[in-house]
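Working through the structure, step by step
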Amino acid sequence: MNASMLRLAAAIVCTAIGTAASAEQVTIRVKGGGLEVKGELRSFDGSKYVIEAPQLGTVTFDASRIECIGEACLRRVAPRPVPYEPLDKAAPQTVVVRGTDAATEILLPALVRGYAAAVGAVVTPILGTAPGETKLRLADAKGAELATFVLQKDASPIAALMQGAAAIAILDRPLADEEIKAIGAASPDFKPAMHELPIAGDGLAVIVSPDNPALSLGEDNLARIFSGKAQGWVDVGIAGGRITVYATDKAGGALASLIGAYLKPRNAQLAVGVTELGSESEVADAVARDVNGIGVVSFANQRNARRLNIEGPCGIIARPTSFAVKAGEWPLARRLTAVTAGPSKLTAARDLLRYAASREAQAAIAEAQLIDTAVESQSLEDQTGRMAAAVNAPPQAFDMGQMKELLADIKGARRLSMTFRFQPGSIDLDPASRHEIARLAEMLQSPDSATQTVQLIGFTEAEGKFAMGVTSTGKRAGQIRAAVLAAAGKLAGPGSLTAKGHGALAPVACNDTAEHRHLNRRVEVWVRQP
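In this report, the structure presented in the accompanying data block is examined. (Residues numbered from 1 in each chain as written. Predicted model: local features only at pLDDT ≥ 70, side-chain atom pairs only at ≥ 80, totals over all residues. Heavy atoms only, no water.)

1. Side note on the overall build of the chain
When helices and strands are counted, the chain shows 16 helices and 25 strands. Expressed as a percentage of its 530 residues, the buried residues of the chain come to 52%. As presented, the chain carries roughly 23,500 Å² of accessible surface, and 53% of it is formed by carbon and sulfur atoms. (Helix = DSSP H or I, 4+ residues; strand = E, 2+ residues; numbered from the N terminus. Buried < 20%, exposed > 50% of the residue type's maximum accessible area, 1.4 Å probe, protein only. Areas by Shrake-Rupley, 256 points an atom, 1.4 Å probe, with all protein chains shown as cover.)

2. Re the sheet that holds strand S19 (residues 317-318)
Note on sheets: strands pair through backbone hydrogen bonds, and any given pair is parallel or antiparallel. Pairing in this open sheet of three strands is mixed, and the strands run S13-S18-S19 from one edge to the other. Each end of this open sheet is capped by a strand with a single partner; those strands are strand S13 (216-218) and S19. Bridge analysis of S13 against strand S18 (residues 309-311) gives three bridges, and the strand direction is parallel. Its bridge partner lying in S18, Gly218 is registered against Glu311. Against the sheet, helix H6 (residues 219-227) touches S13 and S18, its axis set at about 85° to S13. (Pairing = 2+ DSSP bridges. Contact = heavy atoms within 4.5 Å. Axes fitted to C-alpha atoms, helices over the stretch in contact; angles between N-to-C directions.)

3. What about the pattern of salt bridges?
Evaluated as defined, the whole model comprises 23 salt bridges. A salt bridge links Glu329 to Arg421; the nearest nitrogen and oxygen atoms lie 3.2 Å apart. Note that Glu329 is positioned in the loop between helix H9 (322-326) and strand S20 (333-339) and Arg421 in strand S22 (residues 414-421), a separation of 92 residues in sequence. The class for Glu329 is buried, based on a relative accessible area of 12%. (Salt bridge = Lys/Arg side-chain N within 4 Å of Asp/Glu carboxyl O.)

4. Observations concerning the nonpolar core
Counting residues in hydrophobic clusters, the biggest one holds 47 residues, and the most contacted among them are Leu217, Ile225, Phe226, Trp233, Leu263 and Ile294. Broken down by secondary-structure element, the contributors of at least two residues to this core are strand S12 (196-208), H6, strand S14 (244-247), helix H7 (253-263), helix H8 (280-289), strand S16 (293-298) and H9. With six residues, H7 is the largest single contributor of residues to this core. Beyond its immediate stretch of four places on either side in the chain, Leu263 contacts Ala223, Phe226, Ser227, Leu258, Ala268, Gln269 and Leu270. (Core = buried A, V, L, I, M, F, W, Y, C linked by side-chain atoms within 4.5 Å.)

5. Some points on the packing of helix H14 (residues 431-445) against helix H15 (residues 466-488)
Here H14 crosses H15 at 60°, and the two axes come no closer than 8 Å. Between H14 and H15, the crossing angle belongs to the class labelled oblique. Both H14 and H15 take part in a crossing whose hand is right-handed. Within the contact between the two elements, H14 uses Ile437, Leu440, Ala441, Leu444 and Gln445 and H15 uses Ile480, Ala483, Val484, Ala487 and Ala488. Class assignment of the residues belonging to the contact of H14 with H15 gives a composition of nine nonpolar, one polar and no charged. (Parallel < 35°, antiparallel > 145°, perpendicular 65-115°, else oblique. Left-handed = near helix turned anticlockwise from the far one by under 90°. Nonpolar A, V, L, I, M, F, W, Y, C, P; charged D, E, K, R; others polar.)

6. Some words on empty space enclosed by the protein
Under the definition given, this model contains three cavities of 30 Å³ or more. The volume enclosed by the second largest cavity comes to roughly 40 Å³. Taken together, Gln396, Thr460, Glu461, Ala462, Glu463, Gly464, Lys465, Phe466, Gly469 and Ala504 make up the full set of residues lining the second largest cavity. (1 Å grid on protein atoms, 1.4 Å probe; cavity = no way out; pocket = protein on both sides within 12 Å on 5 of 7 lines; lining within 4 Å. Points joined across faces, edges and corners; volume = space filled by probe spheres on them.)

Written as structure tokens, this is what we have:
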């Protein structure tokens, strides 16, 4: 087995934290030799080894494909709780974390409270000393202070991280190449794979008042509204008065994402008369009260406002749901990522990141209305919009016989949010999809999947001959099936894993841009219960 196949067989989670020393050290060797991984044995259930490797983080290995060398290998080891370090009440630490609205107002308070519960501490909010600042103090059961987390709103937190003014920066985008170079120059111990930790997803919603009659807005009309070219609702075909655009800091956050998605591609600038407010929560409240207002905020900051659908130029409507964000099909989404400038010297900072990387944190993330990593499902009825759009597709993207076959294949099945996509111009999976291989393999090993039929269904963009698209999508689906089976080993039961292609049918986006065509080049997962 080569190194790339091993990566498919291992669920690797790289974190920004160190690993504790333990006597349960083992060596994992791929059968036949060629690759070894050494680390601490975290658990063994008879079929999977989970180890903590210094350079890789937590890694899961299929026991049938590797040899485990060490005294602990043959013992079943129950999964251990997250190894938090004790906080010193004699020297309570202050941890400064900087990030955007969604991070400081929603994500971080939820994580700090969840971490406090995990270590048996009590959280008390205390008055911040600066605008946009929140302080959360942790104390033990007797009231002794353990640590204080200072959460500061900052649209560009990397500068504070490099200057030592923050222990953790939370970004709503990937690190830029120049930022990686700058942090590395300032902190030689910085390694992106170890010190850049994805924590949660975040959908961004275009919002209006509940009393506004709009249900959807087209991409062009969104650009016209936010650039000021459409000044009244009647200018976009909706009854109403003069439009008021509400926003937070124009340089970053949710508004910057909308500008990048819809204004810049049209060479448009943000309107001059935007009403600027201090936070996304204030934007949502102002929009909810103003029948002619509009704004863009995190799903989690929607409050009493109402989300709008976004309609593409070909009539395909994207709906603002957590499923769409997880499937990569909502056009306004971002990932919240924690960054440290190398291993943190603060125990409380390391522990918070340990908690953020744990399964326990997913409940806190979901409760905060951010996008957790849990797989969601939708029925065929929930996918009616895209199926209707498929029927109205141009001739080169439609075949009635193939459409009937697709509907027969997915009748009574549910689509999972787990969706496989590929590197642009390549048959290689993108990084996120490589991780999904391990997740689907783990699902197929679960007793719950023993009688399920899992279908991998390939789709593509509307380019070239339709029949060629059916063939190529079938090959891509088959490629993923082979990788999943290689990672899973023996399945849990007689349930099946099938692969099939349906070409350019049922697009999830218009085929008008390279980005949209990339979204359509995918393999979906559909599950049918017996």
